[in-house]
Amino acid sequence: MAKERLQMKLCLTEQRLEGKWTCRHLTADDIPALARLMLDAYRGTIDDEGESLDDALEVVQGTFAGTSGALLEACSFVIEEWGEPLACTLVTWWDEQPLLAYVMTHPTAKNRGMGRFLIEKSVNALLAQGYRKVSLFVTRGNLPAQHLYERLGFQIMSTRGSAEVNGTHLFYEVAGAGHPLVLLHSGLTNCQMWDAQWETFAQEYRVIRYDLRGFGRSGAASGSFSHREDLSQLLRFLSVERAYLIGSSMGGQLAIDFALEHPEMVAALIPVGSGVNGEAPSDFLLERWREIDAAAEGKDVAQAVELELRLWVDGPGRTPEQVDPAVREQVRQMNTHNFERSEQEQGQPQPLEPPALSRLGEIRAPTLVLVGAYDVPDKLASADLLARGISGAKKVVMSGAAHLPSMEQPGPFNRLALEFLGRL
């Protein structure tokens, strides 16, 4: 299993530099030397996974190339001696904010204050660039590094890791404390679709989000598998016996099916823009799917994604110009990655038998059904079906949103969800 990492965050304030080290900004010319430093700095530590110099070189080259977010060169520094780096910080742009991606110190320079000095230098540079926060990740168990960051004011925000589940690995994140609350993403996206809920929900609950098999940073979807069993095993891995489930679209269908297969593990349901397994799609939806499939089969991923955006993010009643461009772009990036993966992976998710359509009356968990006013007719009809079929279910139609109200209307969405859960 991959190592578990803690996300820490710092609200930036001016730092008084401790030390008088001479440092400079990093450049692409430093890549070979930084690869050697990385190999030496990590050797024998908790982050040592037996990498070779070529492995380290590939990581550093990728960082400079921006494969995981653009390198902020003005905020990245190195201290060197006789032409070789002794310590460095590399700051990148990640998840809409700066990330202190690497802090590396050569073993011969340990305990001399270089790491702290360079972090403070990077913090001041970020402030000068107009940034207000910076994040980093530290491996659970790396106490010297964690204690250093805590002394600098970093606070633990969440835990992320990879759980070996049913022959694959599932990327997950956990934040907050309290009753477990699981966020299940749509088929258009990955678990990052819940960014606007993450910190808010973590103030009240122990929030869990993960990339379903075949999505985001989770393992491949190949062969026969069950999303329901994946979720069951992940919750057991995280020592969760019973949870609230919020699921968007495909994630909502998973939440409903999971409540039928594992009723003892579900304390409440909030399906959002969800269909019901066993329903027949309308002619309208079948035609849109044929157009999307034709574009994908023709290797025109950009067109397939745009058609998905028009159908789901814009909705039948709106033009692209009427939708927040930031939401469209975020979904575009996630959905593009999904299409690129689907070209290489051919898994067969196993459906619930008998399907949920004929079994909604079995669900006893308190249920709030949410749907966007601009969603496709099929999903509006499904919301009515869920509200009628699940005893005691409440339905709310959210104005100003289509298929992904949690992204389009995060404020109202968060209030509705937290008020409903707060009354349980």
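Each remark here, short or long, concerns the structure printed above.
Since the model is a prediction, treat every value here as computed from it, not as a measurement.

1. Focus on the packing of aromatic side chains
Tallied over the full model, the rule gives six aromatic pairs. When the ring of Y149 is compared with that of F154, the centres are 5.8 Å apart and the planes differ by 65°; the resulting orientation is edge-to-face. Considered together, Y149 and F154 belong to a single accessibility category, that of buried residues. Directly above the aromatic system of W198 lies the positively charged group of R209, at a separation of 4.3 Å from the ring centroid. Of note, R217 hangs over the ring of F171, and the distance from its end group to the ring centre comes to 4.0 Å.

2. Side note on the packing of helix α8 (residues 283-297) against helix α9 (residues 301-314)
Following both chains from N to C, one finds α8 and α9 inclined at 160°, their axes separated by 7 Å at the closest point. Classified by the interaxial angle, the pair formed by α8 and α9 is roughly antiparallel. Relative to α9, α8 is oriented so that their crossing is left-handed. Along the contact surface, α8 presents F284, L285, R288, W289, E291, I292, A295 and A296, while α9 presents Q303, A304, L307, E308, L311 and W312.

3. A few points about the pattern of salt bridges
One pass over the structure, following the stated rule, counts 24 salt bridges. Across the salt bridge formed by R209 and D195, the nearest N and O atoms sit 2.8 Å from each other. Within this pair, whereas R209 is found in strand β10 (residues 206-210), its partner D195 is found in helix α5 (residues 195-202), the two being separated by 14 residues in sequence. The closest approach of N and O atoms between D230 and R213, which form a salt bridge, is 2.9 Å. One end of the pair, D230, is in helix α6 (residues 227-237); the other, R213, is in the loop between β10 and β11 (223-225), with 17 residues separating them in the sequence. By relative accessible area, which is 1% here, D230 ends up buried. Salt bridges sharing partners connect three or more residues here, namely E306, R310, D314, R328, E329 and R332.

4. Thoughts on the side chain of T105
Mapping T105 onto the fold places it in strand β5 (residues 97-105). Given a relative accessible area of 11%, T105 falls into the buried group. With sequence-adjacent residues up to four places away left out, T105 is seen in contact with L37, A41, L86, A87, K110 and G115.

5. Some details on the nonpolar core
Ranked by size, the top nonpolar core spans 44 residues in total, and within it L181, I246 and I270 carry the most contacts. Residue contributions to this core peak at eight residues, all from α9. Beyond its immediate sequence surroundings of up to four residues, I246 is in contact with L181, V182, L183, L184, W194, F201, I270, V272, F413 and A417.

6. Digging into the side chain of H185
The topology assignment puts H185 in the loop between β9 (180-184) and α5. The exposure class assigned to H185 is buried, which follows from its relative accessible area of 0%. Polar contacts involving the side chain of H185 include one to the main-chain amide nitrogen of L212, which spans 3.0 Å. The contact partners of H185, leaving out residues within four places of it in the chain, are N190, C191, M193, W194, Y210, D211, L212, F215, S248, M250 and G251.

7. Overview of the environment of R388
Structurally, R388 can be placed in helix α11 (residues 377-389). Considering only alpha carbons, one finds R388 and E340, 48 residues apart in sequence, at a separation of 38 Å.

8. Digging into the packing of helix α1 (residues 31-42) against helix α2 (residues 53-65)
Relative to each other, α1 and α2 sit at 125°, their axes nearing to 8 Å. Classed by the angle they form, the pair α1 and α2 counts as oblique. Along this stretch, α1 crosses α2, giving a crossing that reads as right-handed. On α2, the residues touching I31, P32, L34, A35, R36, M38 and L39 of α1 are L53, A56, L57, V59, V60, Q61 and F64. Here the contact of α1 with α2 is composed, by residue class, of twelve nonpolar, one polar and one charged.

9. Regarding the environment of G153
Residue placement: G153 occurs in the loop between α4 (143-151) and β7 (155-165). Measuring from C-alpha to C-alpha, the distance between G153 and G216 comes to 31 Å, with 63 residues separating the pair along the chain. Those residues in contact with G153 that sit more than four places away from it in its chain are K9 and L10.

Cut-offs used in this document
- Residues numbered from 1 in each chain as written.
- Predicted model: local features only at pLDDT ≥ 70, side-chain atom pairs only at ≥ 80, totals over all residues.
- Heavy atoms only, no water.
- Phe/Tyr/Trp six-rings, centres within 6.5 Å; stacked < 30°, edge-to-face > 60°.
- Buried < 20%, exposed > 50% of the residue type's maximum accessible area, 1.4 Å probe, protein only.
- Lys NZ or Arg CZ within 6 Å of the ring centre and 35° of its normal.
- Axes fitted to C-alpha atoms, helices over the stretch in contact; angles between N-to-C directions.
- Helix = DSSP H or I, 4+ residues; strand = E, 2+ residues; numbered from the N terminus.
- Parallel < 35°, antiparallel > 145°, perpendicular 65-115°, else oblique.
- Left-handed = near helix turned anticlockwise from the far one by under 90°.
- Contact = heavy atoms within 4.5 Å.
- Salt bridge = Lys/Arg side-chain N within 4 Å of Asp/Glu carboxyl O.
- Core = buried A, V, L, I, M, F, W, Y, C linked by side-chain atoms within 4.5 Å.
- Polar contact = N/O pair within 3.5 Å; in protein donor to acceptor, adjacent residues only side chain to side chain.
- Nonpolar A, V, L, I, M, F, W, Y, C, P; charged D, E, K, R; others polar.

In short, geometric facts, not functional conclusions.
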